[in-house]
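Spelled out, the chains give:
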Amino acid sequence: MKQLFISLLFACLPAVAPAQDEGMTDRHSVATNTFWSNWFVSGGVGWGAWYGGVEDGRGWSKSPLRGFRSVPGLSLALGKWFTPGLGLRTRLSGVWGKAVWSDAGAGNGNKYWMLNEQVMFNLTDMLCGYEPGRLWHFIPFIGAGVARSCTYNRYSAGLGAGILNEFRVSRRLAVSFEVGWNRFENDLAGMPAAAGRGFMDHQNQFYAEAGITFRLGRKTWEAAADVSAISEMTQTELDALNAMLADERADNERLRSLHADAGGDVRPTDSQASVCIPAPAAVFFNVGEAEPADRRGLVNVEPVARYAAARNATVLVAGYADSATGSPERNRELSRQRAEKVAAVLADMGVKPENIRVEARGGVDTYAEASFNRRVIVEIVSSEPQR
């Protein structure tokens, strides 16, 4: 009776798991995607101006906002989001600039380029949780880089910061508006020194820019696996194994008693020998991969392998994929590769290849937690000795 109860409990897990997962999804918690996911390229056109300490005290007429020093600029960037809230981009910008350092002139031209490495913080996703269809993202950034004035043949290191506002157009395309500031260590724009001016001693570049962003590779994030649910599932399997071990110990004690009473050699019958069939074991996989997510999970199949090898029993290795990702054809092939990977491990553990039955079940949505669907189930389907 205990064996039947345990088997029914394991069989009911697919029906129970969705109910447990509902309400447990944490929109602030996502799984880190593969290296090639969530890349982007962007380009923009805008306006920029240079400002330095030499201009301090000369009146508001020299403001960077005045038209006589408005100079267009261009930029190109390549970046990647490592989480919905944290990204990195490399930004190349420049071409034209103007600096003002005398009352007599309206400005001095300066052709330049600057290359910045910037850390980006998507505060919208950080504070409000990840939402794939969100229309607006508020993204501050900070960084450092190097610049060169082609006009004055000078190089300089610098720091920078800014704010990027991004507006979703489609799954891959977004438009943006960005404002930023860069501070350089020497007279990159050709301004004379302005000793004693404090913060504005260094030359600064201010800019505003409109642009477009195109996303590369996978564009969305997957919810992180519910660790508590996985723990509960693993604990259920352990409880089943412990119950079977307890049954086996009880049978051994009974056989020892019979042996002592009979004064002879008492061997278990076939029905007794087949009582302790190991519970089905699960091995889990990452998105799009045929290698186990954690090879330590292969320990789960060892009791099944030992039982099958000792009794020449038949083992079913069923592979599954998550139907929410990939085409049906791709999921069937992926489920086959996963099953064959685990079947090879069983063979290494001593199970005869002819006693291993591999099945590709394709994409499924059995569990509300998608990571549970990316699995291989290993179970004994015939405990009778193969002849």
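A quick note: this is a predicted structure, and the numbers were derived from the prediction, not measured. (Residues numbered from 1 in each chain as written. Predicted model: local features only at pLDDT ≥ 70, side-chain atom pairs only at ≥ 80, totals over all residues. Heavy atoms only, no water.)

### A word on the sheet that holds strand β12 (residues 314-322)
Now for step 1: Across the sheet, which stays open at both edges, the four strands sit in the order β11-β14-β12-β13 with mixed pairing between neighbours. Across the chains shown, the open sheet's two edge strands, defined by having one partner strand only, are β11 (281-284) and β13 (356-364). Averaged over all adjacent pairs, the angle separating strand axes in this sheet is 20°, with direction ignored.
Now for step 2: As paired strands, β12 and β13 are joined by seven bridges and run parallel to one another. In the strand pairing of β13, Asp-322 is matched with Val-364.
Now for step 3: Contacts from helix α6 (residues 302-311) reach β11, β12 and β14 (375-382) within the one sheet, and its direction differs from that of β14 by about 30°.
Now for step 4: Contacts from helix α7 (residues 328-348) reach β11, β12, β13 and β14, with the element oriented near 150° to β13. (Pairing = 2+ DSSP bridges. Helix = DSSP H or I, 4+ residues; strand = E, 2+ residues; numbered from the N terminus. Axes fitted to C-alpha atoms, helices over the stretch in contact; angles between N-to-C directions. Contact = heavy atoms within 4.5 Å.)

### Comments concerning the pattern of salt bridges
It is possible for side chains bearing opposite charge to pair when their charged atoms get close.
Now for step 1: Applying the stated criterion to the full structure yields eleven salt bridges.
Now for step 2: When the shortest N-O distance is used, the salt bridge between Glu-359 and Arg-361 registers 2.7 Å.
Now for step 3: With relative accessibility at 25%, the residue Glu-359 sits in the partly exposed group.
Now for step 4: On the basis of relative accessibility, which here comes to 34%, the residue Arg-361 falls in the partly exposed class. (Salt bridge = Lys/Arg side-chain N within 4 Å of Asp/Glu carboxyl O. Buried < 20%, exposed > 50% of the residue type's maximum accessible area, 1.4 Å probe, protein only.)

### Focus: the pairing of strand β6 (residues 136-149)
Now for step 1: One ladder, built from 14 bridges, connects β6 with strand β7 (residues 154-168); its direction is antiparallel. Bridging across to β7, His-137 finds its partner in Glu-166.
Now for step 2: The antiparallel pairing of β6 with β7 creates a hairpin that spans four residues between the two strands, and Asn-153 there sits at a positive phi of about 55°.

### Overview of the environment of Glu-117
Now for step 1: Tracing the backbone shows Glu-117 in strand β5 (residues 108-121).
Now for step 2: Each C-alpha atom, one on Glu-117 and one on Ala-77, is 9.7 Å from the other, the two residues being 40 residues apart in sequence.
Now for step 3: The residues touching Glu-117, leaving out its near neighbours within four places in the chain, are Leu-88, Arg-89, Thr-90, Ile-142, Gly-143 and Ala-144.
Now for step 4: Reaching out from Glu-117, the side chain makes a polar contact with the side chain of Thr-90 at a distance of 2.6 Å. (Polar contact = N/O pair within 3.5 Å; in protein donor to acceptor, adjacent residues only side chain to side chain.)

### Description of the packing of aromatic side chains
Now for step 1: Using the criterion set out here, one finds eight aromatic pairs in the structure.
Now for step 2: For the pair Phe-35 and Trp-39, a centre-to-centre distance of 5.5 Å together with 70° between the ring planes defines the contact as edge-to-face.
Now for step 3: Ring geometry for Phe-40 against Trp-81: centres 6.3 Å apart, planes inclined by 35°, an arrangement best described as tilted. Taken together, the positions of Phe-40 in strand β2 (residues 39-51) and Trp-81 in strand β3 (residues 71-83) put the pair 41 residues apart, joining distant regions of the chain. In this pair, the class of Phe-40 matches that of Trp-81, namely buried.
Now for step 4: Directly above the aromatic system of Phe-141 lies the positively charged group of Arg-89, at a separation of 4.7 Å from the ring centroid. (Phe/Tyr/Trp six-rings, centres within 6.5 Å; stacked < 30°, edge-to-face > 60°. Lys NZ or Arg CZ within 6 Å of the ring centre and 35° of its normal.)

### Some thoughts on the confidence of the model for the protein chain
Now for step 1: Predicted confidence across the protein chain gives a mean pLDDT of 78, with 68% of residues reaching 70 or more.
Now for step 2: β6 holds the highest mean pLDDT among the elements of the protein chain, 95, whereas helix α2 (residues 13-21) holds the lowest, 38.
Now for step 3: In the predicted structure, residues 1-25 sits below a pLDDT of 50 and forms 24 contacts with residues beyond four places in sequence or in another chain.
Now for step 4: Under a pLDDT of 50 for its full length, residues 268-274 has, in the predicted model, eight contacts with residues more than four places off or in other chains. (pLDDT = per-residue confidence, 0-100.)

### Re α7
Every α-helix carries 3.6 residues per turn, so stepping three or four residues along brings you back to the same face.
Now for step 1: Its 21 residues place the ends of α7 30 Å apart at the C-alpha level, agreeing with the 30 Å of an ideal helix rising 1.5 Å per residue.
Now for step 2: Every buried residue of α7 is listed here: Asn-331, Leu-334, Ser-335, Arg-338, Ala-339, Val-342, Ala-343, Val-345 and Leu-346.
Now for step 3: At the C-terminal side of α7, Gly-350 shows a positive phi close to 110°. (Expected span 1.5 Å × (residues − 1).)

### Comments concerning the nonpolar core
Now for step 1: With 22 residues, the main nonpolar core has Val-315, Val-317, Val-342, Leu-346 and Val-378 as its most contacted residues.
Now for step 2: Put simply, the parts of the chain that give this core at least two residues each are β11, α6, β12, α7 and β14.
Now for step 3: Top contributing element to this core by residue count: α7, with five residues.
Now for step 4: Those residues in contact with Val-378 that sit more than four places away from it in its chain are Pro-280, Ala-281, Val-301, Val-304, Val-315, Leu-316, Val-317, Val-342 and Leu-346. (Core = buried A, V, L, I, M, F, W, Y, C linked by side-chain atoms within 4.5 Å.)

### Focus: the pairing of β14
Now for step 1: Where β11 lies against β14, four bridges are found, and the strand directions are antiparallel. Pairing of Phe-284 across the sheet is with Arg-375, part of β14.
Now for step 2: Pairing of β12 with β14, which is carried by six bridges, proceeds in the antiparallel orientation. Bridge pairing in β14 links Ala-318 to Ile-377.

### Examining the side chain of Ser-149
Now for step 1: Counting through the fold element by element, Ser-149 comes out in strand β6.
Now for step 2: Residue class for Ser-149 comes out buried when judged on its relative accessible area of 0%.
Now for step 3: At 2.7 Å, the side chain of Ser-149 and the side chain of Asn-110 are in polar contact.
Now for step 4: A distance of 3.0 Å separates a polar atom in the side chain of Ser-149 from the backbone nitrogen of Tyr-152.

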